[in-house]
Every structure is written in C-alpha cells, then in structure tokens.
Amino acid sequence: MKNKLLHQKWIAGFLAGTLALGLAACGSASGTGSSEAAAEAASASATATATEGAAKTGSDIVNIGVTNQLGTLNPLNMDWSFINLHATSMMFLPLVTVGADNNFNYLLAESVTTDDNLTFTIKIRDDAVWSDGEPVTADDVIFTILQMTSPEVANPNFDFSMFKGFESGTSPEGADSIEGLKKVDDKTVQFIANTPMSLNTFLNNCCVWICILPSHVLQDVPADQLATYDWFQHPDVVDGPYILDDYDSAHYISYHANENYFLGAPKIQNLNFRIVDPSEVLPQLQAGEIDFVQPATCSIPVTDQDAAQSLDGYTVSWTDPITNEMTFFNTTKVTDARVRKAFVMAIDRQMLVDSLLSGHGEVTDGFVMKSSPLYDDGKETIAYDPDGAKELLQEAGWDSSTTLQYYVSSSDDTAVKAAQVIQQELSEVGISININTVDFDTLMSVGGTDDVDVFSVQYTITPNDFYADELGLVDTEGTSWTGGWTDPDVDTALQSTQTAKDDDELKKYYREIDDKMISDVPMFSMYFQSNLGLVSDRLQNAEPTLYGSYDNIQDWELTQ
C-alpha cells in the first residue's frame, strides 16, 4: 500500500525543489505560492507592522542574499520551501539536516535508529537547551507534532497518517499524547509507524523539515490560536543560533545572536536575510551589500553569472549537479517507448551542458544524480545517437507529420533556450515539436493533461531519499505527470526501498527504477545542473553549499 503522506509530499517536495533550485536559470521562483494558506494568515498582521521597520545596517552585520520571499516563521505553518526552513531554523532547530556532503547531519538529535523500519527511536542531545536554560526534551517533539497535526492547525503539507493514531490525517482534538509518539524518557522519543518506512525516508520527511518548539512556553496557548500566535513575531525562547529582531517578508529578516546557543554563542552578533529580486543580486554584490549567496535560496541569473564569478573580494563555488531538468512524456499520447527513446537519442545533451550551462552540469538518466550516496556507477545513460533514433522511429512506424506539443516554463531561461536547440535536433530525425512557453503556474496546471505531449521542469530531490518524489512522479496508481504510466517492477522496487537495511540495498532498488526509466522512458533528465554560490572574503568559516550551509553558522566570523 502506498504511503499517503509521502504520496502527497511529492507535490510539496516539488516546491521545495523548484523553489530552492529553480535558481541557476531563476525560473522556478514563480512557484513561491506553495501551500501556505495558514502561513499567510500568520504573517499578514506581522508584515503590516514589520514594513514600518528596516533591516539593521552596519559593517559588522552579515547580509545573506535571498531571492525567495518569506512565507512563514512559525514552524506549525511550515511548507517544503527552503527559505522558510532556513529562516525558521535560525531560531527553532530541526532534529536533523541534510549536510554539505549530501548525507544527514544531526542537530537536536544525537541519533535516530530503527531495527524494524516501523519504530524509530530519536535520542535528543543531552546538551540541547533552550535559550532560557530549559532542556530540549521529548515533550517538545511530541508537542510540536501534535500541534502541527491538530484539527485546529492541520498543516496540509505534513500528513502523519502512516503513524499509529494519526490514521485520520490529524491528531485527536486536545490530545497531549498519541499511540504513534512514545516518550521513552526526557531525551528519547519513538515514532511508531503502521507500515514500513526506510530510515532515510523517515529522516528526510519527519526530522529535516520539522522545527521543534518549546512546549513549556506554548503549552497553555489554545490550539486554535497557535497558527497565528503573535509570539512567533518576537519569540523570546529559542534553541537555534539566532533570535528574530524584525522582518518584512518581501524585503528582509533581521536577527541577533543567541548568546546561550548550546553549540556555542555565534561569533557574528547580527545578520540579515536580504530579500531581493534576482536582477538585483549582481549589483548588490558589486556594491558589497551581500556577503553570502546560498545556492538553494538565492538566484543569480545565467546572464549575470560570468560577472559574478569575476568579482573581486568573493570566493565562488558551484554545487554538485543536483537540480534535474526533468522532462516528462504523456505516455497516453506518446505511447511507444521506442519513440520516447528516439526523442532522447536525438538530443546532444552534453552539448547543452557545455554551451548553455558553461559545463556546470552533467548528463545522466533517471532520478539519481552522480553526487548522491545512492548513485550506482554502473548505471547507463541513453547516448546521443541521431542515426539510432531514426532507426527506432522507423521500427515504430512513426508518422513524421505528427507535431508534439512541448511545454516549458517561460521563467526558466536555460530550458527555453534548450527547447529551441532540441527543436532543430529533433527535426533532423523526423520529430516535430511545437514549443509552448508558459508561466510556471500554467506549466504546473497542464502537466499530465491531454494538452501536453512532453514538458520540462526544474526539480530537485534530496540526494539521499528519492522515494516520495518517485512515488508521485512515476506513479503506479492513478495519474501523474507521465499520464499514469505504470510498471509493477517499479512499484515493487519503490516499496522495497522502505524495508531496505542500508544504503547499498537502497542503491540496488533505485538503480532498478532508473534502469526502467532508461528502457521505457516515461521521463528523462535533460541535464542535471549546478548552482552558483558566493561568499565574501571578509566572511570566514562560511561555505555556500547546497545543503548544510548554516549547520556551523555559530563559527562564522568577520575578518577585521
């Protein structure tokens, strides 16, 4: 049986991915209207007053450039976009993060283990404390989950129905305990599932994206007030490295250091998230007004990247190629796998990487990128072979008078240029496409419908857990962007990932799924692209990685 939370999560995960990493071509930021109805209510009144203030300024303040607007600072309203996670976890830590090496790092949690893929035991760090000196406890974890899932809050982005007691999708009204969350002792809590789940999936879905709240501060607040509670505009008890001063969701978020941070008082006393339009990033870098460009939340347009890389006073880095320009066939319309494979064989994808991405990318097929710990070095890639493509089309009896409707986001400049190149390449083997350039929201609404034969979209999957996204993207029940393509071997492999004992076993199952993508081609990767990050030379111990940039923020330091 499919996991309801994780099947739902792929849509929100798409927002996390495209929002976070629709950045190199600054295309997918138009998806910022993710599921945040509750968050909008929480931030509306605060924004009205926050706009009367201003971000702190001064030579001793670090400015982090951001091109996604803030949605919420209330963990109960969290969605799957990185700006909300990063901004909120400055104050309220998650149990675990994805680190710079694409593996999991532990923050509040000292360890997370399972013996049966049903019961997950979280040991909270003994030294983890709130800024008022109270310890972070199992009660805080249980309180946060119960409030997030309460009927009054019912965060639509998180569905815990795979855990005991949450089968209805919410926790019981007024509950202070539940069967699926067990307090073992003050520093140990267990999550108990109804169906098996891999440790990686548990970590990625239940530990990375949930920021823990202080139950001793909030436990007496009525549940129906928590989603919009004013305390979140000026929280005075945190367990993270920084405390909020002020914010304007469209312009800035300002913090000061939590001197009682249990991992060490931050060396930088004040910092801002400076929220700007992508077109403003380069000018502000040139003026020295941005110190840090984190690739998951700050977009530097392709047209500005050469200039950004040549700036004096900054160190440049490129992320591993993780953002996937996924291209989906509506298999109810492009029904023959030979035609779909010929389509891919006709495209010189390495040329696209070299010419459009200046070499900052890679070509590999399926979902698992080369930098993932779950990548299998033996995985093949569909080769550029226009003569072979012509042979497949002839074998399939392809009608060359057919014109395929190809859709791409108008805000993804690189993908639009790629579409124009491949239109010519495809015509040379006898495939005609009509390019439909539409806004991001329209692209999302037409994907998988009869209006579309093929479409491309930037999509980023956490490199150590592909289950939820693959479950939705190549669905085996109902419809998906592939028009409902199904395969029993893929379904079996997906479910097997949830009982896998280690990464080697996971790698085996994900390889089986990628091999099916290569043989049957319901989707393919146009390319995986890298993303650009920068750090000012005056800022030490800071590295603009795709994941884990802020895990050591207490050690960031300004040179004199």
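For clarity, every value in this text was computed on a predicted model and none was experimentally measured. Every chain is numbered on its own, with residues counted from 1 as its sequence reads. A pLDDT threshold of at least 70 governs which residues receive local features in this predicted model, and a stricter bar of 80 or more applies before side-chain atom pairs are shown or counted, although totals over entire chains, interfaces and linings include all residues. Excluded from the side-chain calculations are hydrogens and water; all other atoms, namely the structure's heavy atoms, are used.

1. Remarks on the overall build of the protein chain
Rules: Strands here mean DSSP runs of E at least two residues long; helices mean DSSP runs of H or I at least four residues long; both are numbered from the N terminus. Here a residue-residue contact requires only that any non-hydrogen atoms of the pair lie within 4.5 Å. Areas reported here follow the Shrake-Rupley algorithm with a probe of radius 1.4 Å; residue values treat only the protein chains shown as occluding.
On a plain count of helices and strands, the protein chain comes out with 17 helices and 21 strands. Partitioning the intrachain contacts of the protein chain with sequence separation of at least 6 by distance along the chain shows that 74% fall at a separation of at least 24. Accessible surface, the protein chain: about 19,600 Å² in total, of which carbon and sulfur atoms supply 45%.

2. Some details on the sheet that holds strand β4 (residues 109–114)
Heads up, the condition is: Paired strands, as defined in this entry, are two strands with at least two bridges between them according to DSSP. Think of each axis as a best-fit line through the C-alpha atoms, taken over the contacting stretch in the case of a helix, with angles from 0 to 180 degrees between the N-to-C directions.
Strand order across the open sheet formed by 4 strands is β4-β5-β7-β6, with antiparallel pairing between neighbours. A single partner strand is all that each edge strand has here, and the edge strands are β4 and β6 (181–185). Adjacent strand axes in the sheet meet at a mean angle of 20°, parallel and antiparallel pairs treated alike. Contacting β5 (119–124), β6 and β7 (188–192), helix α4 (residues 138–148) runs over the sheet at an angle of about 170° to β6.

3. Some thoughts on the sheet that holds strand β15 (residues 403–409)
The strand order across the open sheet built from 6 strands is β14-β18-β13-β17-β15-β16, with neighbouring strands paired in mixed fashion. Edge positions in the sheet fall to β14 (361–362) and β16 (432–438), since each has one partner strand and no second. Taken together, the 7 bridges between β15 and β16 define a ladder with parallel strand orientation. Across the sheet, residue Thr 403 finds its bridge partner in β16, namely Ser 432.

4. Focus: the packing of helix α11 (residues 349–356) against helix α13 (residues 413–427)
This is how it is decided: The cut-offs work like this: below 35 degrees is roughly parallel, past 145 is roughly antiparallel, 65 to 115 is roughly perpendicular, and the gaps in between are oblique. Should the near helix be turned anticlockwise from the far one by less than a right angle, the crossing is termed left-handed; should it be turned clockwise, right-handed. Only Asp, Glu, Lys and Arg are considered charged in this grouping, and only Ala, Val, Leu, Ile, Met, Phe, Trp, Tyr, Cys and Pro are considered nonpolar; every other residue, Gly among them, is considered polar.
α13 packs onto α11 with a crossing angle of 140° between their chain directions and a minimal axis gap of 11 Å. By the angle between their directions, the pair α11 and α13 is classed as oblique. In this structure, α11 crosses over α13, and the sense of that crossing is right-handed. On the side of α11, the interface is formed by Met 351, Leu 352 and Leu 356, while α13 contributes Thr 414, Lys 417, Ala 418, Val 421, Ile 422 and Glu 425. Looking at the contact of α11 with α13 residue by residue, the class counts come to 6 nonpolar, 1 polar and 2 charged.

5. Section: the packing of helix α16 (residues 488–497) against helix α17 (residues 503–520)
Helix-helix packing is characterised by the crossing angle of the two axes and by the distance between the axes. Between α16 and α17, whose axes approach to 9 Å, the crossing angle comes to 155°. Here α16 is positioned roughly antiparallel relative to α17, judged by the angle of their axes. Of the two elements, α16 crosses α17, and the hand of that crossing is left-handed. Residues Asp 489, Val 490, Ala 493, Leu 494, Ser 496 and Thr 497 of α16 touch α17, and the partners they reach there are Leu 506, Tyr 509, Tyr 510, Glu 512, Ile 513, Lys 516 and Met 517.

6. Here we look at the packing of aromatic side chains
Geometrically, a pair of aromatic rings is defined through the distance of the ring centres and the angle of the planes. This is how the line gets drawn: The rule is short: rings of Phe, Tyr and Trp, with Trp giving its six-membered ring, pair when the centres are within 6.5 Å, and they are stacked under 30 degrees, edge-to-face over 60, tilted in between. Exposure categories follow from relative accessible area, calculated using a 1.4 Å probe and restricted to protein chains: below 20% of the type maximum is buried, above 50% is exposed, and the middle band is partly exposed.
In this structure the tally under the stated criterion is 28 aromatic pairs. With centroids separated by 6.2 Å and ring planes inclined at 75°, the aromatic side chains of Phe 163 and Phe 202 adopt a geometry described as edge-to-face. Linking Phe 163 in the loop between α4 and β6 with Phe 202 in helix α5 (residues 199–207), this pair joins segments that are 39 residues apart in sequence. Comparing Phe 163 with Phe 202, the two get one shared label, buried. Look at Phe 292 and Trp 556: their rings are 4.7 Å apart centre to centre, the planes differ by 50°, and that puts the pair in the tilted class.

7. A look at the nonpolar core
One broad rule of soluble globular proteins: the nonpolar side chains tend to lie buried together. The cut-off we apply is this: What makes a nonpolar core is a set of buried Ala, Val, Leu, Ile, Met, Phe, Trp, Tyr and Cys residues whose side-chain atoms join them at distances within 4.5 Å.
Core analysis: the biggest nonpolar cluster contains 127 residues, and Phe 191 and Tyr 255 have the highest contact counts within it. The element contributing the most residues to this core is α4, with 7 residues. Apart from the residues within four sequence positions on either side, Tyr 255 is in contact with Leu 73, Ala 87, Met 90, Met 91, Tyr 242, Ile 243, Leu 244, Asp 245, Gln 269, Asn 270, Leu 271 and Phe 273. Within the second largest apolar cluster, 36 residues are counted, among which are Met 345, Leu 356, Phe 524 and Tyr 527.

8. Examining helix α3 (residues 82–89)
Helical geometry: 3.6 residues make up each α-helical turn, so side chains three or four residues apart lie on a common side. Burial within α3 is extensive, with 8 of its 8 residues counted as buried. All of the buried residues in α3 are Phe 82, Ile 83, Asn 84, Leu 85, His 86, Ala 87, Thr 88 and Ser 89.

9. A short note on the side chain of Ser 549
Note the cut-off: Residues adjacent in sequence count toward polar contacts only when both atoms are side-chain atoms; beyond that, a polar contact is any pair of N or O atoms within 3.5 Å, and within protein one must be able to donate a hydrogen and the other to accept it.
With respect to the helices and strands, the residue Ser 549 is situated in the loop between β20 (539–540) and β21 (557–558). A polar side-chain atom of Ser 549 sits 3.3 Å from the main-chain carbonyl oxygen of Glu 543. A polar contact of 2.7 Å, which involves the side chain of Ser 549, links it to the backbone oxygen of Thr 545. The contacts of Ser 549, once residues within four sequence positions are left out, are Phe 292, Gln 294, Glu 543, Pro 544 and Trp 556.

10. What to know about the confidence of the model for the protein chain
Note the cut-off: For every residue, the predictor reports its confidence as pLDDT, a number between 0 and 100.
Taken over all residues, the pLDDT of the protein chain has a mean of 88, while the share at 70 or more is 89%. Scored below 50 in pLDDT, residues 1–52 shows 162 contacts in the model against residues more than four places distant or in partner chains.

11. What to know about the pairing of strand β9 (residues 252–257)
With 5 of its 6 residues buried, β9 lies for the most part within the structure. The pairing of strand β8 (residues 242–248) with β9 spans 6 bridges and is classified as antiparallel. Looking across to β9, one finds that Tyr 242 is bridged to Ala 257. Between the antiparallel neighbours β8 and β9 lie 3 residues. Pairing of β9 with strand β10 (residues 270–275), which is carried by 5 bridges, proceeds in the antiparallel orientation. Bridging from a neighbouring strand, Tyr 255 pairs with Leu 271 of β10.

12. A few points about the environment of Gly 533
Assignment of secondary structure puts Gly 533 in strand β19 (residues 532–536). For Gly 533, a relative accessible area of 0% gives the class buried. Distance in space between the C-alpha atoms of Gly 533 and Pro 544 is 5.3 Å, their sequence separation being 11 residues. If we skip the residues at most four places from it in the chain, Gly 533 touches Val 293, Pro 295, Thr 315, Val 316, Ser 317 and Pro 544.

13. Considerations on unusual backbone geometry
A positive phi is found at Asn 102, a non-glycine position, where the angle reads about 70°. In this structure, Asn 102 sits in the loop between β2 (96–98) and β3 (104–106). Within the chain, Asn 541 stands out as a residue other than glycine whose phi angle is a positive 70°. Its location among the elements puts Asn 541 in the loop between β20 and β21.

14. Notes on the pattern of salt bridges
We count it as follows: Salt-bridge detection follows one rule: a side-chain nitrogen of Lys or Arg within 4 Å of a carboxyl oxygen of Asp or Glu.
If you walk through the whole model with that rule in mind, you get 18 salt bridges. Asp 413 is the salt-bridge partner of Lys 417, the closest N and O atoms lying 3.2 Å from each other. Remark: Asp 413 and Lys 417 occur in helix α13; sequence separation between them is 4 residues, near one turn of the helix. Beyond isolated ion pairs, a larger network of salt bridges with shared partners links Asp 139, Lys 183 and Asp 186.

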